[in-house]
Amino acid sequence: MPYFNKILIANRGEIARRIIRTCNRLGIETVAVYSDADEDTPFVREASEAYSIGPSQASKSYLDINKILDVAKKSGAEAVHPGYGFLSENAKFAKSCQEAGITFIGPDADKIELMGDKIEARRHMKKAGVPVVPGWDGQLDSVEHAKEIADDLGYPLMLKASAGGGGIGMHVVQNEAELEKSFSSAKQTAGSSFGDDTVFLERFISKARHIEVQVIADNEGNTLHLFERECSIQRRNQKVVEESPSPFLDEKLRGQLCESAVKGVKEIGYTNAGTMEFIFDNDTGEYYFLEMNTRLQVEHPVTEGITGLDLVELQLRIAANQPLNISQDEVTKSGYAIEARLYAEDPETYFPSPGKLKTFKLPEELGRFDVAYEEGNTVSPFYDPMVGKIIVHGKDRNEVFDRLEEIIDQTEIEGIKTNISLFKELLNESDFREGKYTTDYLQTRKKGKEEAK
């Protein structure tokens, strides 16, 4: 029996297509919503039904709660899957679905709200015995107050928005002068981006690795980890390459990390899929809780590759109030998996490069490709410039990297700039191949290339 008869997907592009694939396999009808910019893209055609929700601007379409719920009611959808981004971590949306009698495929609204507040999240993780980045969890009343706290903590520090995410509004401050310069800007960005100008300070770890743990929990108290993902290859604090298992962890450290993630999830009574993000001090080997993403991650296919599990199906099962049909002992990892995010952007400046995909050919027999567009489509300037994801799973890291290199060599894209050349370069760099990298890897190599000119 299907978990639901019909669900609405409150998203677009590759994640909408990804959800549709699982629903088709389970015999669940799907409802797509689309903006003017997306009318001719594949997910609209692939859904069982599709409804226009207005202009290309996200604020007038994909972020309009009333429009989406109107379509859900009109179509007879029993549940809504928010994907990632847009309304996926919006507590008001989750609550509005509940009030409308529609199941939100994700955690309860109060859990989204709790973990969306970085200060409160830190406090709960401390209570659970999960290590957090040393910092100040209280209210910073003024720049003078911030300077007093910073003197006690010691520089360098990271100034962050409590309600933030996606790397938006983060400021690394090396000294008091930089803190004074950044404080007002950080609060202003936090207020305009997240509707809450609360900021906090935590230690900045210069040589850091970003490693996250996929978790899943049902309504009966069954809480599982699905191992980790290494996410340290980033630009502008946003991930570009993810792999699993992490080349940095040994089995003892992996076990400690995953155990910490489960403890944190149980502390807050979380249900459905989520990701506990940690930062590692590469010099000391210590790890700290960073934040929790209360949704399906962009990089979830990496976990699916090594575990053989369908995370969307598990989400549907939990949302339908069914218990997880697996135990922790039954979750095993097999082989190696990597994901490379293909962006429509200049590989040197990282500036978006929207436009028409005149040629878009992928060697589909060599890997998994979760893509938003097809040849002839226009990559829209209105949304994130990610064209799609290249995912490879194999018996070990060398096989996976060699196959990724083969895929990159055979991929043909014309009409827009992409970061495909970045992947070619990375695959020829020994530090990347050997897993000897930290979160500043791309920034450092970019700076080195500029100085060499």
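Relevant structure appears above.
Residues numbered from 1 in each chain as written. Predicted model: local features only at pLDDT ≥ 70, side-chain atom pairs only at ≥ 80, totals over all residues. Heavy atoms only, no water.

J.: Could you clarify how one ought to interpret the sheet that holds strand β1 (residues 6–9) in this entry?
T.: Strands pair in a sheet through their backbones, by hydrogen bonds, and they do so in one of two ways: parallel or antiparallel. Strand order in the open sheet made by the five strands is β3-β2-β1-β4-β5, with parallel pairing throughout. The sheet terminates laterally at β3 (49–52) and β5 (103–104), the two strands that pair on one side only. Of the pairings in the sheet, the one linking β1 to strand β4 (residues 79–81) comprises three bridges and is parallel in character. The residue of β4 that forms the bridge with Leu 8 is Val 80. (Pairing = 2+ DSSP bridges. Helix = DSSP H or I, 4+ residues; strand = E, 2+ residues; numbered from the N terminus.)

J.: Please clarify how the sheet that holds strand β6 (residues 135–136) should be interpreted in this entry.
T.: Pairing is antiparallel across the open sheet formed by four strands, whose spatial order is β6-β9-β7-β8. On the outer flanks of this sheet lie β6 and β8 (171–173), each paired with one strand and no other. Bridge count between β6 and strand β9 (residues 199–203): two bridges; the pairing is antiparallel. Among the inter-strand pairings, Trp 136 is bridged to a residue of β9, identified as Leu 201. Here helix α6 (residues 118–128) sits on the sheet in contact with β6, β7 (157–161) and β9, set at roughly 45 degrees to β9. (Contact = heavy atoms within 4.5 Å. Axes fitted to C-alpha atoms, helices over the stretch in contact; angles between N-to-C directions.)

J.: What is the right way to look at the pattern of salt bridges in this model?
T.: Any two side chains of opposite charge can pair, given that their charged atoms come close. In total, this model carries 47 salt bridges according to the counting rule given. Between Arg 295 and Glu 89 there is a salt bridge, with the nearest N and O atoms lying 2.9 Å from each other. With Arg 295 in the loop between β14 (287–293) and α10 (300–307) and Glu 89 in the loop between β4 and α4 (91–99), the pair connects residues that are 206 residues apart, well separated along the chain. By relative accessible area, Arg 295 is classed as buried at 16%. Arg 368 is the salt-bridge partner of Glu 304, the closest N and O atoms lying 2.9 Å from each other. With a gap of 64 residues between them, Glu 304 in helix α10 and Arg 368 in strand β18 (residues 368–371) connect regions that are remote in the sequence. A relative accessible area of 25% means that Arg 368 is categorised as partly exposed. Each member of the salt-bridge network shares a partner with another, and the members are Arg 18, Arg 21, Arg 25, Glu 304, Asp 310, Glu 313, Arg 368 and Asp 370. (Salt bridge = Lys/Arg side-chain N within 4 Å of Asp/Glu carboxyl O. Buried < 20%, exposed > 50% of the residue type's maximum accessible area, 1.4 Å probe, protein only.)

J.: So what exactly am I meant to see when it comes to the pairing of strand β15 (residues 336–343) here?
T.: For a regular strand, the rule is simple: side chains alternate between the two faces of the sheet. Burial runs high along β15: eight of the eight residues are buried. Of the strand pairs in this sheet, strand β12 (residues 238–244) and β15 are connected by four bridges, and their pairing is antiparallel. Bridging across to β15, Ser 244 finds its partner in Ala 337. With eight bridges joining them, β15 and strand β20 (residues 386–394) adopt antiparallel strand pairing. Each residue of the ladder has a partner; that of Ile 338, found in β20, is Val 392.

J.: Which parts of the structure should I look at to understand helix α12 (residues 397–410)?
T.: Residues that lie three or four places apart on an α-helix share one face, since the helix turns once every 3.6 residues. With 14 residues, α12 extends 20 Å from end C-alpha to end C-alpha; this agrees with the ideal 20 Å at 1.5 Å per step. Taken as a whole, α12 has its buried residues at Arg 397, Val 400, Phe 401, Leu 404, Ile 407 and Ile 408. Seen from one end, α12 has its buried residues packed into an arc of 120 degrees, which puts them on one side. In α12, the exposed residues that point more than 90 degrees away from the buried face are Asn 398 and Asp 409. Next to the buried residues of α12 lie β12, β15, β18, β20, α13 (420–426) and α14 (430–433). For α12, the N-terminal capping position is held by Asp 396, with its side-chain oxygen 3.3 Å away from the main-chain nitrogen of Asn 398. (Expected span 1.5 Å × (residues − 1). Arc of directions from axis to C-beta. Polar contact = N/O pair within 3.5 Å; in protein donor to acceptor, adjacent residues only side chain to side chain.)

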